[in-house]
Amino acid sequence: MDLLHIILPIALCAAIGYGTNYIAIKMLFRPRKEMRIGSFRVPFTPGVIPRNKPRIAAAVGKAVSETLLTREDMTARLTQAGFREKLTDSIQDALTEQSAPLSALLPCQEEGELTQEISQVIGGKILEGLKKVDMNALVAEVAQTSFGDLLGNPMIAMFLGGGMLDNLCQKLSAGVSSYLEEKGPELVAPMVKEELDGMLDKPIRENLDDLGIPEEVLRNMLETVVGHVLENNIQSVLGSLDVKAVVEDKINDMDARELEDLVLSVMKNELQAIVNLGAVIGAVIGVVNIFI
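None of these values were measured; they are calculated from a predicted model.

A.B. asks: Where do I start with the overall build of the protein chain in this structure?
C.D. replies: Across its full length, the protein chain holds 13 helices and two strands. Taken over 292 residues, the protein chain has a buried fraction of 22%. Intrachain contacts of the protein chain at a sequence separation of at least 6 include 74% that bridge at least 24 residues. In the structure as shown, the protein chain presents an accessible area of about 20,000 Å², 63% of it carried by carbon and sulfur atoms.

Written out as structure tokens, the structure reads:
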């Protein structure tokens, strides 16, 4: 038996094994579109993956949502200390490094309405607090402090003595209370609005400095809020996120070329290994045939 009769069957079988596997893998993706002759669909068109894209999309979406990216996994990742700290740092940096005024964070059409509403609410709270103050005692204390030295003068004490000062303080406190009740909203709300408008014209960092709030306090506040949101609301947020539907829709929206590129980006080496293995198996079969 000459060398040609040994090499030729081995090479031929290897080529057949390589070629069949290569064609089979190509037929997973090709042809990308259905081909027809009249009303007759050409067999094996489109390729296996384009033809079964909806089923593959549903299967991949189910696998991702139930195995790879479960709600429990996402909850564990989002509530771990490292993620919480990074999220807090990102929010703090975004707030304190903002050079634009605070008003830039608000829609222009709502800025005036918002400050107006806030000033009315704060002004109302201030007036409610003032109403709880004992005006009689406050005015009496102020009068005593202001006129204490004068009352040592017998002439002035004669006019303000005999309960005259107390009656004057009562009338004055009643007048102040009545004035706050009637004119208070008109006086307090505009002043609060002016202060709010001034804050809106400054960056957040400058407002923190004006209020005397250290960044450490801001960070502690943000960390508390972020922790509360993540621990108490993450389940409801993730419950509204349908991972299966997202993955399924994404795959279904891909055309055949994009889907092929996606699969090859993950399994190109493995698919090439299958093709090469076909050549090896073919060569082995060729060797066996020599001795049969």
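A.B. asks: Whenever I open this one, the packing of helix α4 (residues 71–79) against helix α11 (residues 215–239) confuses me. Can you help?
C.D. replies: When two helices pack together, their arrangement is given by the angle between the helix axes and by the axis-to-axis distance. In the contact formed by α4 and α11, the axes pass within 10 Å of each other and the chain directions differ by 145 degrees. Judged by the twist between their axes, the crossing of α4 over α11 is right-handed. Across from R71, M74, T75, L78 and T79 in α4, the residues of α11 making contact are L230, I234, Q235, L238 and G239. Grouping the constituent residues of the contact of α4 with α11 by class yields five nonpolar, four polar and one charged.

A.B. asks: What am I meant to see in helix α10 (residues 204–211) here?
C.D. replies: Note on helix geometry: an α-helix contains 3.6 residues per turn, so any two residues three or four positions apart are oriented the same way. For α10, the full list of buried residues reads I204, N207 and L208. Projected down its long axis, α10 carries its buried residues within an arc of 100 degrees, all on one side. In the stretch just after α10, G212 is the one whose phi turns positive, near 70 degrees.

A.B. asks: What is the right way to read the nonpolar core from this model?
C.D. replies: Formed by 17 residues in total, the largest nonpolar core has its most connected members in V243, V247, I251 and L259. Of all the elements in the fold, those that place two or more residues in this core are α1 (3–29), α3 (53–68), α11, α12 (243–253) and α13 (256–291). Setting aside chain neighbours within four positions, we find I251 in contact with K53, A57, V60 and L259.

A.B. asks: Would you mind showing me how to read α11 here?
C.D. replies: With 25 residues, α11 ought to run about 36 Å at 1.5 Å a step, and its terminal C-alpha atoms sit 34 Å apart, in line with that. A bend of about 60 degrees at N233 is the largest found in α11. For α11, every residue scored as buried is listed here: L218, L222, V226, G227, L230, I234 and L238.

A.B. asks: Where do I start with the pattern of salt bridges in this structure?
C.D. replies: Proximity of charged atoms lets side chains of opposite charge pair with each other. What the rule picks out here adds up to seven salt bridges. With its nearest N and O atoms 3.2 Å apart, the salt bridge here joins E260 to R30. A residue pair is termed long-range when its members are at least 10 positions apart, and E260 in helix α13 and R30 in the loop between α1 and β1 (36–37) qualify at 230 residues. Given the relative accessible area of 5%, E260 is considered buried.

A.B. asks: It is not clear to me how a nonpolar patch on the surface should be interpreted in this structure. Could you clarify?
C.D. replies: A cluster of nonpolar side chains, namely L114, I118, I122, I126, L130, V133 and L138, defines an oily patch on the protein surface of about 470 Å² accessible area. Ranked by the residues each element gives to the nonpolar patch, the list is headed by helix α6 (residues 108–131), at five residues. Tracing the backbone shows L114 in helix α6.

A.B. asks: Please clarify how the packing of aromatic side chains should be interpreted in this entry.
C.D. replies: Describing an aromatic ring pair means giving the distance of the ring centres and the angle of the ring planes. Counted under the stated rule, the structure contains one aromatic pair. Measuring from centroid to centroid gives 6.5 Å for Y18 and Y22, while their planes differ by 5 degrees, and the two rings are stacked. One end of the pair, Y18, and the other, Y22, are both in helix α1, four residues apart, so they sit about a helical turn from each other. Judged by relative accessible area, which is 40%, Y22 ranks as partly exposed.

A.B. asks: What should I look at first to understand the environment of D93 in this one?
C.D. replies: With respect to the secondary-structure elements, D93 resides in helix α5 (residues 81–96). For D93, a relative accessible area of 38% translates into the label partly exposed. Between the C-alpha atoms of D93 and R219, which are 126 residues apart in sequence, the distance is 9.9 Å.

About the thresholds
- Residues numbered from 1 in each chain as written.
- Predicted model: local features only at pLDDT ≥ 70, side-chain atom pairs only at ≥ 80, totals over all residues.
- Heavy atoms only, no water.
- Helix = DSSP H or I, 4+ residues; strand = E, 2+ residues; numbered from the N terminus.
- Buried < 20%, exposed > 50% of the residue type's maximum accessible area, 1.4 Å probe, protein only.
- Contact = heavy atoms within 4.5 Å.
- Areas by Shrake-Rupley, 256 points an atom, 1.4 Å probe, with all protein chains shown as cover.
- Axes fitted to C-alpha atoms, helices over the stretch in contact; angles between N-to-C directions.
- Left-handed = near helix turned anticlockwise from the far one by under 90°.
- Nonpolar A, V, L, I, M, F, W, Y, C, P; charged D, E, K, R; others polar.
- Arc of directions from axis to C-beta.
- Core = buried A, V, L, I, M, F, W, Y, C linked by side-chain atoms within 4.5 Å.
- Expected span 1.5 Å × (residues − 1).
- Bend = angle between axes of the 7 residues up to and from the residue.
- Salt bridge = Lys/Arg side-chain N within 4 Å of Asp/Glu carboxyl O.
- Patch = residues over 30% accessible without salt bridge, like charges linked within 9 Å, V, L, I, M, F, W, Y side chains within 5 Å.
- Phe/Tyr/Trp six-rings, centres within 6.5 Å; stacked < 30°, edge-to-face > 60°.

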